[in-house]
Amino acid sequence: GAGVSQSPSNKVTEKGKDVELRCDPISGHTALYWYRQRLGQGLEFLIYFQGNSAPDKSGLPSDRFSAERTGESVSTLTIQRTQQEDSAVYLCASSPRSLTGNEQFFGPGTRLTVL
Amino acid sequence: SQQGEEDPQALSIQEGENATMNCSYKTSINNLQWYRQNSGRGLVHLILIRSNEREKHSGRLRVTLDTSKKSSSLLITASRAADTASYFCATGGGNKLTFGTGTQLKVEL
């Protein structure tokens, strides 16, 4: 079956513009995660969705970042008024259950470059 | 903040040699996972070891866990050029995984 997909694969934008990143999780996976990875760094947790529960937004770095998910399907991560420090690879992952301990299945990421 | 810290940050070995990477973490865990990342893109899950396990094998991979020392190691035996990648440990707690900073492994022919 299909894995996690993300679009676009690369995005170049100008400082101050808004961007929207998309994630299609594996069908049937109830949990969805967004991470940010700066060059040469580890993964920073951004946000977690589990079914219809309120999302865990504790990792969002500022109010310029927001994310939505419709049911157990597609999710979009929006960054408003982008800054150069937002340049990174944004990774999405899904998991079949909410319990941490199940492996997470990652998409290929979106490489965001803010000029 | 990073829960896990991998050691070394970078490792270069010859094909056929074994590669050992270590991970230290700070808080109590339910389990620890290892992931591989090629070319700065998506991560691939390698293995999960639970807190009540001390060692686990999967193919050429061997993972150990020492909860008293809050550390884990990943051993790749008989390395291949295709093993060249970054390797991350991740610890679970609540709703999310916390990833370490990674070890960059280069396997040379």
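So, how was this worked out
Residue indices begin from 1 for each chain and proceed along its sequence in written order. Chain labels run from A onward and ligand labels from 1 onward, assigned in the order the entries are written. Selection of residues for local features in this predicted model requires a pLDDT of at least 70, selection of side-chain atom pairs for listing and counting requires 80 or more, and totals for whole chains, interfaces and linings are taken over all residues. Values shown for side chains rest on all heavy atoms present in the structure; no hydrogens or waters enter the calculation. By definition, residues are in contact when any of their heavy atoms lie within 4.5 Å. The term salt bridge refers to a side-chain nitrogen of Lys or Arg lying within 4 Å of a carboxyl oxygen of Asp or Glu. We call two N or O atoms a polar contact when they sit within 3.5 Å, provided that within protein one can donate a hydrogen and the other can accept it, with sequence-adjacent residues counted only if both atoms are side-chain atoms. Only DSSP runs of H or I covering at least 4 residues are called helices, and only runs of E covering at least 2 are called strands; the numbering of each starts at the N terminus. Throughout, the ten residues Ala, Val, Leu, Ile, Met, Phe, Trp, Tyr, Cys and Pro are labelled nonpolar, Asp, Glu, Lys and Arg are labelled charged, and all others, Gly among them, are labelled polar. For two strands to be treated as a pair, DSSP must find no fewer than two bridges joining them. Angles shown run from 0 to 180 degrees and are taken between the N-to-C directions of axes, each axis being a line fitted to C-alpha atoms and, for helices, limited to the stretch in contact.

(A) Looking closely at the interface of chain A and chain B. Taken together, the 25 residues of chain A in the interface contact 22 residues of chain B. Across the chain A-chain B interface, the total number found is 0 salt bridges. Where chain A touches chain B, the interface holds 2 residue pairs in polar contact (both at pLDDT 80 or more). Looking at the side of chain A that touches chain B, the elements that each hand over two or more residues are strand 4 (31-37), strand 5 (44-50), strand 8 (88-95) and strand 10 (110-114) of chain A. Looking at the side of chain A that touches chain B, the element that brings in the most residues is strand 4 of chain A, giving 3 residues. Split by residue class, the side of chain A that touches chain B holds 9 nonpolar, 13 polar and 3 charged.

(B) Expanded view of the sheet that holds strand 7 (residues 61-66) of chain B. Residue and element names in this part refer to chain B. Here we have 5 strands laid out as an open sheet, ordered 1-3-8-7-6, and antiparallel in their pairing. At either margin of the open sheet sits one strand with a lone partner, and together these are strand 1 (5-7) and strand 6 (55-58). Each neighbouring strand pair of the sheet contributes to a mean axis angle of 20°, computed without reference to strand direction. Alignment of strand 6 against strand 7, held across 4 bridges, turns out to be antiparallel. Across the sheet, the residue bridging to Lys 56 is Val 63, located in strand 7.

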